[in-house]
Amino acid sequence: QVQLVESGGGLVQAGGSLRLSCAASGSIFSINAMGWYRQAPGKQRELVAAITSGGSTNYADSVKGRFTISRDNAKNTVYLQMNSLRPEDTAVYYCNAESTREVYWGQGTQVTVSS
């Protein structure tokens, strides 16, 4: 089992920045990749960014050039640096971890961007 705890959400004005953190614990040796998803009201959950155990990254087109995913292996933590935030980035952001057999989710953290 893997437990994920997110932090760092909040309210920010358009153009501002936030950094989300996701701390993993438990069977972290089994994790192949971690990422961030988001879900806005009335919309499906979508991938924002992901990073593999080897460090390869993948981003949604809508956040390329604005968001950066990174990981600190010593702290078992993944970060999402979000710059130039837009009102359309408003959503609940979920941390995700995938092993060969399981997919794990955090509890979610709200990000609200005011115009």
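The model shown is predicted, which means the values in this text are computed figures rather than measured ones. (Residues numbered from 1 in each chain as written. Predicted model: local features only at pLDDT ≥ 70, side-chain atom pairs only at ≥ 80, totals over all residues. Heavy atoms only, no water.)

Caption draft 1: Seen up close, the overall build of the chain. Counting its regular elements, the chain contains zero helices and eleven strands. Its helices and strands taken in sequence order, the chain reads β-β-β-β-β-β-β-β-β-β-β from the N to the C terminus. In summary, the chain has a C-alpha radius of gyration of 13 Å against a globular reference of 13 Å for 115 residues, a match within 12%. Considering only C-alpha atoms, the chain reaches an extent of 40 × 25 × 20 Å along its principal axes. (Helix = DSSP H or I, 4+ residues; strand = E, 2+ residues; numbered from the N terminus. Rg over C-alpha atoms; globule rule 2.2 N^0.38 Å.)

Caption draft 2: Structural detail: the pairing of strand β7 (residues 67–72). Pairing between β7 and strand β8 (residues 77–82): six bridges, direction antiparallel. Opposite Ser70, over in β8, you have Tyr79 as the bridge partner. (Pairing = 2+ DSSP bridges.)

Caption draft 3: Main features of the packing of aromatic side chains. This model, assessed by the stated rule, comprises two aromatic pairs. Ring centres 5.0 Å apart and planes at 75 degrees place the aromatic pair Tyr37 and Trp105 in the edge-to-face group. With Tyr37 in strand β4 (residues 33–39) and Trp105 in strand β10 (residues 103–105), the pair connects residues that are 68 residues apart, well separated along the chain. A relative accessible area of 18% means that Tyr37 is categorised as buried. The partly exposed category is assigned to Trp105, whose relative accessible area is 38%. Summarising the aromatic geometry, the rings of Tyr94 and Trp105 are spaced 6.5 Å apart at their centres and angled 90 degrees between planes, so their arrangement reads as edge-to-face. Highlighted residues: Tyr94 in strand β9 (residues 91–98) and Trp105 in strand β10, separated in sequence by eleven residues. One aromatic cluster is present, built from ring pairs that chain together Tyr37, Tyr94 and Trp105. Stacked on the ring of Tyr94, the Lys or Arg Arg45 has its end atom at 3.7 Å from the ring centre. Looking at Arg45, its charged tip hangs above the ring of Trp105, at a distance of 4.6 Å from the centre. (Phe/Tyr/Trp six-rings, centres within 6.5 Å; stacked < 30°, edge-to-face > 60°. Buried < 20%, exposed > 50% of the residue type's maximum accessible area, 1.4 Å probe, protein only. Lys NZ or Arg CZ within 6 Å of the ring centre and 35° of its normal.)

Caption draft 4: A look at the sheet that holds strand β1 (residues 2–7). If you trace the four strands from one edge of the open sheet to the other, you get β1-β3-β8-β7, paired in antiparallel fashion. A strand with exactly one partner marks an edge of an open sheet, and here the two such strands are β1 and β7. Put simply, the sheet's adjacent strands are angled 15 degrees from each other on average, direction ignored. (Axes fitted to C-alpha atoms, helices over the stretch in contact; angles between N-to-C directions.)

Caption draft 5: Spotlight on unusual backbone geometry. With a phi angle near 50 degrees, Asn76 is a residue other than glycine that sits in the positive phi range. Within the secondary structure layout, Asn76 lies in the loop between β7 and β8. The exposure class assigned to Asn76 is partly exposed, which follows from its relative accessible area of 29%. Phi is positive for Ser84, which is not a glycine, with a value near 50 degrees. Within the element layout of this structure, Ser84 appears in the loop between β8 and β9.

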